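Each chain, written out:
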Amino acid sequence: MDCIAVYIDCENISYKDFDCIDHEIRNYGRRIVCNLYADWKCKDMIRWNNVATSNGLQTIQCDKINGKNSVDLKIAVDITCFSYEKSHVNIYFIVTTDSDYRQVIFPLREKNKIVYGIGYDNVNKSLTSICDKYIKIENLRKNETNKTDIDKYWCIIKNCLSDKGIRNIGRIKEQILLQYPTFDEKEYNERRFSQFLSKYYKKKIRFHNDNVELI
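Just so you know, these numbers come straight off a predicted model, no measurement behind them. (Residues numbered from 1 in each chain as written. Predicted model: local features only at pLDDT ≥ 70, side-chain atom pairs only at ≥ 80, totals over all residues. Heavy atoms only, no water.)

Draft legend 1. Region of interest: the side chain of Asp149. Summarising the element assignment, Asp149 is placed in helix 6 (residues 137-164). For Asp149, the side chain forms a polar contact with the side chain of Tyr188, separated by 3.4 Å. (Helix = DSSP H or I, 4+ residues; strand = E, 2+ residues; numbered from the N terminus. Polar contact = N/O pair within 3.5 Å; in protein donor to acceptor, adjacent residues only side chain to side chain.)

Here it is as structure tokens:
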């Protein structure tokens, strides 16, 4: 399993997006370091501090001198030092939209490290172009919403199959539409409802012509 180091510019990213960011990062391997950077004396950082406490994350103090933001410099120094000391870490996530981090990405890639960026849609292209991959938080939010929808649709499907004795694909869709009239499989890039079922529930159901049953 790949080892991952994560560096979050908390003055550049909303605490509300941590859950979807963390969920995405965990898909890539084992997160062994996750540092949060900010001037923690600022009242605006209270919510981020709560996130750090509840998730067991390390907060790194970055004092502001003459109003300047020192977060980017501190993150750059820490990443550089860490990359020399921990050669077994091969994936780095830098969570920011600040293009100043380009300068630390170049030496990481020279060491054959994989560098992913995570940030908002308004990110400067100079940052996205140097990352191996840049993941937009807006897309992560949408994925989280879709996952919630998939779970609630499954409750209806399972109820049809286990309690109501409804196994016909068309009738199952009718049951979903009764509770969620705006449901449309095309929003999930599928032309047919059967394709939607196969895409999201293939480990839970098996198909028999126009019918399905629980596995």
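Further notes follow.
Draft legend 2. Quick look at empty space enclosed by the protein. Evaluated as defined, the whole model comprises one cavity of 30 Å³ or more. The computed volume of the largest cavity comes to approximately 30 Å³. If you go around the largest cavity, the residues you meet are Ile79, Thr80, Ser83, Val104, Pro107, Leu108 and Lys111. Here the residues of the lining of the largest cavity sort into four nonpolar, two polar and one charged. (1 Å grid on protein atoms, 1.4 Å probe; cavity = no way out; pocket = protein on both sides within 12 Å on 5 of 7 lines; lining within 4 Å. Points joined across faces, edges and corners; volume = space filled by probe spheres on them. Nonpolar A, V, L, I, M, F, W, Y, C, P; charged D, E, K, R; others polar.)

Draft legend 3. Just the packing of aromatic side chains, in detail. Scanning all chains against the criterion turns up 19 aromatic pairs. Plain terms: the ring middles of Tyr28 and Tyr116 are 4.9 Å apart, the flat faces sit at 50 degrees to each other, and that makes the pair tilted. Here Tyr28 is found in the loop between helix 1 (18-25) and strand 2 (30-38), whereas its partner Tyr116 is found in strand 5 (residues 114-119), with 88 residues between them in sequence. On the basis of relative accessible area, Tyr116 is assigned to the buried category, the value being 13%. With 5.8 Å between their ring centres and 80 degrees between their planes, Tyr188 and Tyr200 make a pair best called edge-to-face. Of the two residues, Tyr188 sits in the loop between helix 7 (169-179) and helix 8 (193-201) while Tyr200 sits in helix 8, which places them 12 residues apart along the sequence. The class for Tyr188 is buried, based on a relative accessible area of 4%. When its relative accessible area of 30% is taken as the criterion, Tyr200 is described as partly exposed. (Phe/Tyr/Trp six-rings, centres within 6.5 Å; stacked < 30°, edge-to-face > 60°. Buried < 20%, exposed > 50% of the residue type's maximum accessible area, 1.4 Å probe, protein only.)

Read these as spatial facts, not as claims about activity.
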